[in-house]
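Now for the letters of each chain:
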Amino acid sequence: MYNTILSLHSTVAYAALGVLLIAVINAFLGLASKSFFKSKDRSISLVALLVCHSQLLIGLILYFVTPKLEAWSTMGMKVMADSALRTVLVEHPFTNILALVFITIGWSKHKKEESNNGKFKKIALFYALGLLLLLFMIPYKQWLA
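Residues numbered from 1 in each chain as written. Predicted model: local features only at pLDDT ≥ 70, side-chain atom pairs only at ≥ 80, totals over all residues. Heavy atoms only, no water.

Novice: Could you give an account of a positive patch on the surface, naming the residues involved and the relevant values?
Specialist: A grouping of Arg42, Lys109, Lys111 and Lys112 is seen on the molecular surface, where their side chains present a positively charged patch. Note on placement: Lys111 falls in helix α4 (residues 83-112). On the basis of relative accessible area, Lys111 is assigned to the exposed category, the value being 53%. (Patch = residues over 30% accessible without salt bridge, like charges linked within 9 Å, V, L, I, M, F, W, Y side chains within 5 Å. Areas by Shrake-Rupley, 256 points an atom, 1.4 Å probe, with all protein chains shown as cover. Salt bridge = Lys/Arg side-chain N within 4 Å of Asp/Glu carboxyl O. Lys, Arg positive; Asp, Glu negative; His and termini not counted. Charge placed at Lys NZ, Arg CZ, Asp CG, Glu CD. Helix = DSSP H or I, 4+ residues; strand = E, 2+ residues; numbered from the N terminus. Buried < 20%, exposed > 50% of the residue type's maximum accessible area, 1.4 Å probe, protein only.)

Novice: Tell me about helix α1 (residues 2-33), and please be specific about residues and values.
Specialist: With 32 residues, α1 extends 46 Å from end C-alpha to end C-alpha; this agrees with the ideal 46 Å at 1.5 Å per step. A positive backbone phi angle near 55 degrees is found at Lys34, which sits one or two residues after α1. (Expected span 1.5 Å × (residues − 1).)

Novice: Can you lay out the packing of aromatic side chains for me, pointing to particular residues and giving the numbers?
Specialist: As enumerated under the stated definition, the model contains three aromatic pairs in all. Between the aromatic rings of Phe37 and Phe120, the centroid separation amounts to 5.0 Å while the plane-to-plane angle is 65 degrees, which identifies the pairing as edge-to-face. In this pair, Phe37 is assigned in the loop between α1 and α2 (39-65) and Phe120 in helix α5 (residues 116-136), connecting sequence segments 83 residues apart. Classification of Phe37 by relative accessible area gives buried; the value is 14%. Note on Tyr63 and Phe64: the rings are 5.2 Å apart at their centroids and 85 degrees apart in plane angle, and the pair reads as edge-to-face. Among the residues examined, Tyr63 registers a relative accessible area of 19% and is labelled buried. Overall, the relative accessible area of 60% leaves Phe64 in the exposed class. (Phe/Tyr/Trp six-rings, centres within 6.5 Å; stacked < 30°, edge-to-face > 60°.)

Novice: Please provide a residue-by-residue account of a nonpolar patch on the surface, values included.
Specialist: A grouping of Leu60, Phe64, Phe94, Ile97, Leu98, Val101 and Ile105 is seen on the molecular surface, where their side chains present a nonpolar patch of about 620 Å² in accessible area. Elements with a minimum of two residues in the nonpolar patch: α2 and α4. With five residues, the top contributor of residues to the nonpolar patch is α4. Secondary-structure assignment places Leu98 in helix α4. With a relative accessible area of 34%, Leu98 lands in the partly exposed category.

Novice: Tell me about the layout of surface pockets, and name the residues and values.
Specialist: Volume-wise, the largest pocket comes out at about 720 Å³. Lining the largest pocket we find 28 residues, and of these His9, Leu62, His92, Asn96 and Pro139 sit closest to its centre. Among the secondary structure elements, those contributing two or more residues to the lining of the largest pocket are α1, α2, α4 and α6 (140-143). For the lining of the largest pocket, a count of residues per class yields 18 nonpolar, nine polar and one charged. Estimates place the volume of the second largest pocket at around 230 Å³. Every residue lining the second largest pocket is listed: Lys68, Ser83, Ala84, Leu85, Thr87, Val88, Pro139, Tyr140, Lys141 and Gln142. Only α4 and α6 provide two or more residues apiece to the lining of the second largest pocket. In terms of residue count, α4 provides more of the lining of the second largest pocket than any other element does, five residues in total. Class assignment of the residues belonging to the lining of the second largest pocket gives a composition of five nonpolar, three polar and two charged. (1 Å grid on protein atoms, 1.4 Å probe; cavity = no way out; pocket = protein on both sides within 12 Å on 5 of 7 lines; lining within 4 Å. Points joined across faces, edges and corners; volume = space filled by probe spheres on them. Nonpolar A, V, L, I, M, F, W, Y, C, P; charged D, E, K, R; others polar.)

Below you can see the structure in the form of structure tokens.
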């Protein structure tokens with residue numbers, strides 16, 4: 001079960017990063033061109049939000065079925081001294097949840113914004129912050145192996 005969820009988590013990560021990148025580029029292009037915030041722009045942003053939240057859900061399931069979670073009970077706070085375990089059990093989940101918080105804030109703030117420029121600005125800023133955090137915490141050694 002663990003390997004299946006890990007594989008799903010890695011596969012959906014590509015989709016999440018791709019659609020999030022498209023949403024960020026779309027928002028910056030809309031901001032630069034001062035165009036109207038159309039239903040297409042809303043749909044792109046919404047799909048990015050949904051795929052990223054799906055990825056978070058898969059990640060949370062993975063977190064609780066990983067064999068590495070047993071390290072907390074056997075090692076206690078010594079987990080923090082092991083950089084590989086600390087990354088998997090603390091840094092990666094915390095940073096990615098924070099990234100999703102930014103993306104969700106961007107979605108919520110864009111809905112309350114009246115101006116087209118403001119809508120693009122909220123999506124561009126918060127989705128870009130989320131994307132940067134996600135890119136920062138990808139375990140590239142595992143992913144590319």
